[in-house]
Amino acid sequence: MKNIIALFVAGMVVALSTVGYAANKGGTFSVSPVVGGITFEGKQHLQTGPVFGGRAGYNFTKELGIEALFDFSRTESTLTSNTVDLYRYGGELLYHFFPDYKFVPYVAAGYSGMNLFGQLPFVTTDKTKGVINYGLGFKYFVTEDIAWRGDVRHLMYKYDRNHQAIEYTVGVYIPFGGASTPIKLPDPPPPPPPVVKKEAPPPPAAPVTGLTASPASVTKGESSTLTWTSQNATKCEIMPGVGAVQPQGSMAVTPDNNTTYTLTCTGDGGTSKSTASVGVTVPPPPPPPVVEAAQPKASAAAEKFCNKPVILQIHFDTDKSNVKPEYHDELKAVGDFLQEFPKAKGEISGHTDHVASQKYNQKLSERRANSVKEYIVVNFGIASDRITTKGYGKLKPIATNKTKEGRAKNRRIESFFTCD
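Residues numbered from 1 in each chain as written. Predicted model: local features only at pLDDT ≥ 70, side-chain atom pairs only at ≥ 80, totals over all residues. Heavy atoms only, no water.

Things to note about helix H4 (residues 358–380)
- Here H4 contains 23 residues, and its C-alpha end-to-end distance of 33 Å stays within 8% of the 33 Å for a straight helix at 1.5 Å per residue.
- Three or more residues of H4 are buried, namely Asn361, Leu364, Ser365, Arg368, Ala369, Ser371, Val372, Lys373, Tyr375, Ile376, Val377 and Phe380.
- In this fold, the buried residues of H4 make contact with helix H3 (328–340), strand E18 (345–351), strand E19 (387–391) and strand E20 (412–418).
- Where H4 terminates, the next one or two residues include Gly381, which has phi positive at roughly 65 degrees. (Helix = DSSP H or I, 4+ residues; strand = E, 2+ residues; numbered from the N terminus. Expected span 1.5 Å × (residues − 1). Buried < 20%, exposed > 50% of the residue type's maximum accessible area, 1.4 Å probe, protein only. Contact = heavy atoms within 4.5 Å.)

Structure follows, in structure tokens:
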């Protein structure tokens, strides 16, 4: 009996992992032809014999049902060669677990009458006895309308003394009637596709690249923007001085001399290259100073700040935007220039290296540019509308971000003032 219980527990484990399209349904009638065997307790002196029988049932709900049963077995005495026929008829209550699965285990208990005909090897005066039976079973639904079933029952009855037997059967469970299951049967598999001759896959597409520089000619110290695109590429780089880049993008470069930049992209289909040149002109020397006393200073200021981008020698602590005292002299030069040229107007722009996200660097560069403007306006009495500010984040590097020195150059404040 312990082995039977172990098999039942294993069946419940299978049930938890076998969701199906059929189920044990309420309101259904059923019939079940079964075959199996019966093993008698040793003191009855009866051999194990085959069992043939049938079940007729009705499910009140998908969990609770009832079945009428009839079994016949022919066995022999272990002491003599006498034949004994067994007839058993009665009913059982069944309680089903996991009724919505293909594999549905259940427990059963019931009462039946049993007749033994023939010369029995034990003393008895009444061959018809009541039998108390209980046990385990399962149904495995092959389709919505048919299932395999297996059952084990422990039979207890009394003739000259208390006796017991184990009956085990397998059979076919055939339900009919009742409401149809709400679970939809899977659609039949589609017909196999026509057999077509496999063709060799086409070779991978070759990379396509494009690179432009705008403007194509700059004054030394000014920046040009490289813009590039690529298709069918997995790795790209721009040389000289830039290094690995994304398959498409843009960035500012500030070459010292005439430079031809080469975009090289590779992919499964090969390699592609594109070039763009940036011409660099050296600005003319400043005009000779005018004899007037103030002219040399004005000319020097104009040369430094008028009509050109100027990198201000101002540095900030990490994630800070306040101007430290050691850079006040640098900002004084800007303030003096704006006082001497009252019609000069321009932009203060903030730039960062590539560390952290663009959104973060954008906000940080804006705060630093605004901090520089505020210092100049407050300390030198400059009208606020003469200075605009803008943050570029990490979009316009002037050096490579691969080195500490390059990143330091990219963390900068620039000014660009126009002078009438």
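Comments concerning the nonpolar core
- Leu312, Leu331, Phe337, Leu338, Val372, Ile376 and Ile387 are the most contacted members of the largest nonpolar core, which has 27 residues in total.
- At the level of secondary structure, the elements contributing two or more residues to this core comprise helix H2 (295–305), strand E17 (309–312), H3, H4 and E20.
- For this core, the element with the most residues is H4, which contributes six residues.
- Leaving out residues up to four positions away in the same chain, Val372 has contacts with Ile314, Phe316, Val323, Leu331, Ile348 and Ile413.
- Within the second largest apolar cluster, 18 residues are counted, among which are Ala213, Val242, Val253 and Val280. (Core = buried A, V, L, I, M, F, W, Y, C linked by side-chain atoms within 4.5 Å.)

Some details on the sheet that holds E17
- With respect to topology, four strands assemble into an open sheet ordered E17-E20-E18-E19, the strand pairing being mixed. Across the chains shown, the open sheet's two edge strands, defined by having one partner strand only, are E17 and E19. When the angles between neighbouring strand axes are averaged without regard to direction, this sheet yields 25 degrees.
- Judged from the five bridges that link them, E18 and E19 form a sheet pairing that is parallel. Counterpart to Glu347 in the pairing with E19 is Thr388.
- Against the sheet, H4 engages E18, E19 and E20, with an angle of about 160 degrees to E19. (Pairing = 2+ DSSP bridges. Axes fitted to C-alpha atoms, helices over the stretch in contact; angles between N-to-C directions.)

Brief notes about the sheet that holds strand E8 (residues 162–176)
- Pairing is antiparallel in the closed barrel, where eight strands are placed in the order E1-E2-E3-E4-E5-E6-E7-E8. Adjacent strand axes in the sheet meet at a mean angle of 25 degrees when their direction is disregarded.
- One ladder, built from 13 bridges, connects strand E3 (residues 64–76) with strand E4 (residues 83–96); its direction is antiparallel. Within E4, the position partnered with Ile66 by the bridge is Leu93.

Considerations on the packing of aromatic side chains
- Taken as a whole and assessed by the stated rule, the structure comprises 14 aromatic pairs.
- Note on Tyr58 and Phe60: the rings are 5.4 Å apart at their centroids and 85 degrees apart in plane angle, and the pair reads as edge-to-face.
- Phe60 sits in the partly exposed class, given a relative accessible area of 47%.
- Consider the rings of Phe70 and Tyr87, whose centres lie 6.3 Å apart with planes at 40 degrees: the pair is tilted. Here Tyr87 lies in strand E4 and Phe70 lies in strand E3, a separation of 17 residues in the sequence.
- The class for Phe70 is partly exposed, based on a relative accessible area of 40%.
- Between the NZ or CZ atom of Lys139 and the centre of the ring of Tyr106, over which it lies, the distance is 5.7 Å.
- Taking NZ or CZ as reference, Lys139 lies 3.8 Å from the ring centre of Tyr173, over its face. (Phe/Tyr/Trp six-rings, centres within 6.5 Å; stacked < 30°, edge-to-face > 60°. Lys NZ or Arg CZ within 6 Å of the ring centre and 35° of its normal.)

A short note on the environment of Phe97
- Its place among the elements puts Phe97 in the loop between E4 and strand E5 (103–118).
- Taking C-alpha positions, Phe97 is 9.3 Å from Phe138, a pair spaced 41 residues apart along the chain.

Some thoughts on H3
- The terminal C-alpha atoms of H3 lie 18 Å apart, and with 13 residues this matches the ideal 18 Å at 1.5 Å per residue to within 8%.
- Along H3, the residues that are buried comprise Glu330, Leu331, Val334, Gly335, Asp336, Phe337 and Leu338.

Focus: the pairing of strand E16 (residues 270–281)
- Note that strand E10 (residues 217–219) and E16 share three bridges and pair parallel. Note that in E16 the partner of Ser217 across the bridge is Gly279.
- Note that strand E15 (residues 259–267) and E16 share nine bridges and pair antiparallel. Looking at the pairing, Thr260 lines up with Ser277 of E16.
- Linking two consecutive strands that pair antiparallel, namely E15 and E16, is a turn of two residues.

Things to note about empty space enclosed by the protein
- In this structure the tally under the stated criterion is one cavity of 30 Å³ or more.
- Here the largest cavity is characterised by a volume of approximately 50 Å³.
- Taken together, Thr28, Ser30, Gly57, Tyr58, Asn59, Gly65, Ile66, Glu67, Leu94, His96, Lys139 and Tyr173 make up the lining of the largest cavity.
- Going through the elements one at a time, strand E2 (49–59), E3 and E4 are the ones with two or more residues in the lining of the largest cavity.
- Partitioned by chemical class, the residues of the lining of the largest cavity number four nonpolar, six polar and two charged. (1 Å grid on protein atoms, 1.4 Å probe; cavity = no way out; pocket = protein on both sides within 12 Å on 5 of 7 lines; lining within 4 Å. Points joined across faces, edges and corners; volume = space filled by probe spheres on them. Nonpolar A, V, L, I, M, F, W, Y, C, P; charged D, E, K, R; others polar.)

Everything listed here is a matter of coordinates, which is why it stays silent on function.
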